[in-house]
Amino acid sequence: REKSKNVLQLISETLDRDLIILLRTIGEVAEDIGFKAYAVGGFVRDLLQKQKNLDLDIVVEGDGIIFAKQLVKTLGGRVRTHDRFKTANITLANGFKIDVATARLEYYEYPAALPTVELSSIKLDLYRRDFTINAMALQLNPALFGTLIDFFSCQNDLKDKLIKVLHNLSFVEDPSRILRAVRFEKRMDFKIARHTERLIHGAVKMDLFGKTNNPRIFTELKQIFEEENPILAIRRLADLELFQFLWPDLLPNLKIDRRFLHIIRQAQQAISWFHLLYLDEPIEPWRVYLLAIMARSRPRQIETFCERFQIHDHICRELIIQKLTADEIGNKLYGRIPEKNSEINQMLKNLTNEGLLYLMAIARKKEIKKTVSLYVTSLRNVQSLLNGDDLKKLGYIPGEQFKKMFSDITDARLDGLVKSREDEKQFILKHFPR
Ligand code: CTP
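Here's the deal with the overall build of the chain
A count of helical and extended segments in the chain gives 23 helices and 10 strands. Overall, the chain is about 85 × 55 × 40 Å in size when its C-alpha atoms are taken along their principal axes. The buried share among the 434 residues of the chain stands at 50%. Residue pairs at least 24 apart in sequence account for 67% of intrachain contacts in the chain once pairs closer than 6 positions are excluded. For the chain, the accessible surface area stands at approximately 22200 Å², while carbon and sulfur atoms represent 50% of it. Distance between charge centroids for the chain: 3 Å, based on 68 positive and 58 negative side chains.

What follows is the structure, given as structure tokens:
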């Protein structure tokens, strides 16, 4: 039987005023057209833990598309609809995103046939979700606003910090949920429940994971790598014997040895370090972790990984180029750290931020990390004080030569040979005939 209670108090304590108004509006719009609307999934889970979640998933009993269009009429913003699945993505004028789905029988697209989209109840929708902690709904229609709907004693699992599937076929329906289980377990410091863990072992034995090339798997893997500290999750994946499907080339012993863990740890440190330094410079940590895990793999094996999970060719090529470049530099730096800053600059300038962080991860000496850090924090930002106009005033004619001049001045600055504008002028006049 459905257990429901009202969590209005929790809502007003946890959520911002604007969000509460939005939730109420959603309920009113649904009510007006005779539908029921619910907030579901991670949003409700996080609310019950007094945490904000910036993704709002709405399920509608009725027609999600009609509802989404009506909501946008009321609030403004844009809507993209997917007729086949009766879902819609709304972006409000202020950029806030809302995903709308229709409560329905079929959740998944089976290879054989498309799902027959049938309008159905919220209960079935929740039952088809990944884990109990994600299977609660919050009623939004005015009369029942703030009523928490919990058919499967999800609140207990949340209290007990358990990741539990709702039914035995959950991983068969969607093997990527195995990765989600690990991600939630490590992110929230929960525990995968015994029976659920047994189902994961069963899925591994049945090679469920090995047979799929579903891009969802990679999406979930990426999500793991975007967590603040994915190391525990990566180890858990290894312990659950999932590495054999994800990175078969690491067989036979999977190489989860000290060197492997050291590289992953250094990757994590490098990424945190970078985030602290450059809050507004976006990086893609997943690339660093993927390369770190595959540090001892060959390009062909990275290609195989990319093909299997349908990662774009250009991304795949970029990963391989960064890895090969960083590996080579890593070896060179292991032999000798250049004395001249200009030489360091020259060496590292073709690496992306992710490539640089990967290089820090595989570094076998402290000095290598220090060199990369020096490059990131200062060397790469060094520029000449003179600009094109200055060069023209000195009597030079703009053209290819200017590039070389700037790069030579930069090198001279890096190596401390010039300090002021005057130094730079003298430097140019000495080295470039007019
Ligand atoms: N879901 C599912 N099976 C999946 C993916 C998602 O059942 N393979 C359901 C879950 O109920 C989940 C919801 O869809 O709560 C939204 O998915 P997503 O946004 O990926 O996850 P969140 O739970 O919101 O987690 P996060 O905090 O990481 O965004």
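There is more to say after this.
Quick word on the side chain of Asn 353
When you line up the elements, Asn 353 lands in helix α19 (residues 353-362). In terms of polar contacts, Asn 353 uses its side chain to reach the side chain of Arg 380, at 2.9 Å. Look past the residues within four positions of Asn 353 in its chain and what remains in contact with it is Phe 274, Glu 281, Ile 283 and Arg 380.

Let's talk about helix α16 (residues 299-308)
Of all the positions in α16, only Ile 302, Phe 305, Cys 306 and Arg 308 are classed as buried. Looking straight down α16, one finds that the buried residues subtend no more than 165 degrees of arc, so they occupy a single side. Positive backbone phi, approximately 55 degrees, marks Gln 310, located one or two places after α16.

Topic: the site of the ligand
Near the ligand you find 18 residues, and of these Arg 45, Asp 130, Asp 174, Arg 183 and Arg 187 are the closest. At a separation of 3.2 Å, an oxygen atom of the ligand approaches a polar backbone atom of Gly 42. At 3.4 Å from a nitrogen atom of the ligand is found a side-chain nitrogen or oxygen belonging to Arg 216. Those elements giving two or more residues to the shell around the ligand turn out to be α3 (42-48) and α8 (176-188). Broken down by element, the shell around the ligand gets its largest block of residues, five residues, from α8. When its residues are assigned to classes, the shell around the ligand shows three nonpolar, four polar and 11 charged.

Some thoughts on the nonpolar core
In terms of nonpolar packing, the biggest core is built from 135 residues, with Ile 58, Ile 98 and Trp 247 touching the most fellow members. No other element matches helix α14 (residues 258-277), which puts eight residues into this core. Residues contacting Trp 247, with those up to four places away along its chain left out, are Leu 221, Phe 225, Leu 290, Ile 293, Met 294 and Phe 305. The next biggest cluster of nonpolar side chains, apart from the first, holds 12 residues, and it includes Leu 391, Tyr 396, Met 405 and Ile 409.

Considerations on the packing of aromatic side chains
Taken as a whole and judged by the stated rule, the model has 12 aromatic pairs. Taken together through their ring pairs, the aromatic side chains of Phe 218, Phe 243, Trp 247, Phe 260, Trp 286, Phe 305 and Phe 309 make up a single cluster. Between the NZ or CZ atom of Lys 365 and the centre of the ring of Tyr 334, over which it lies, the distance is 4.9 Å. In this arrangement the basic side chain of Arg 380 is found over the ring face of Tyr 278, its NZ or CZ atom lying 5.3 Å from the centre.

Notes on the pairing of strand β2 (residues 36-40)
Counting buried positions along β2 gives four out of five residues, so the element sits mostly inside the fold. Sheet topology note: the β2/strand β3 (residues 56-61) ladder contains five bridges and is antiparallel. Pairing of Tyr 38 across the sheet is with Val 59, part of β3. Note: β2 against strand β7 (residues 137-139), three bridges, orientation antiparallel. Paired with Val 40 across the bridge in β7 is Ala 137.

A look at the side chain of Asp 408
In this structure, Asp 408 sits in helix α22 (residues 400-414). By relative accessible area, which is 18% here, Asp 408 ends up buried. With near-sequence residues (within four places) excluded, Asp 408 lies in contact with Phe 427 and Phe 432.

Quick notes on the confidence of the model for the chain
Mean pLDDT over the chain: 92, with 94% of residues reaching 70 or higher. Between residues 105-114, whose pLDDT stays under 50, and residues either more than four places distant or in other chains, the model counts 20 contacts. This stretch, residues 116-120, has a pLDDT under 50; its non-local contacts, to residues over four places away or in other chains, come to 16 contacts.

Rules used in this analysis
- Residues numbered from 1 in each chain as written.
- Predicted model: local features only at pLDDT ≥ 70, side-chain atom pairs only at ≥ 80, totals over all residues.
- Heavy atoms only, no water.
- Helix = DSSP H or I, 4+ residues; strand = E, 2+ residues; numbered from the N terminus.
- Buried < 20%, exposed > 50% of the residue type's maximum accessible area, 1.4 Å probe, protein only.
- Contact = heavy atoms within 4.5 Å.
- Areas by Shrake-Rupley, 256 points an atom, 1.4 Å probe, with all protein chains shown as cover.
- Lys, Arg positive; Asp, Glu negative; His and termini not counted.
- Charge placed at Lys NZ, Arg CZ, Asp CG, Glu CD.
- Polar contact = N/O pair within 3.5 Å; in protein donor to acceptor, adjacent residues only side chain to side chain.
- Arc of directions from axis to C-beta.
- Near = heavy atom within 4 Å.
- Nonpolar A, V, L, I, M, F, W, Y, C, P; charged D, E, K, R; others polar.
- Core = buried A, V, L, I, M, F, W, Y, C linked by side-chain atoms within 4.5 Å.
- Phe/Tyr/Trp six-rings, centres within 6.5 Å; stacked < 30°, edge-to-face > 60°.
- Lys NZ or Arg CZ within 6 Å of the ring centre and 35° of its normal.
- Pairing = 2+ DSSP bridges.
- pLDDT = per-residue confidence, 0-100.

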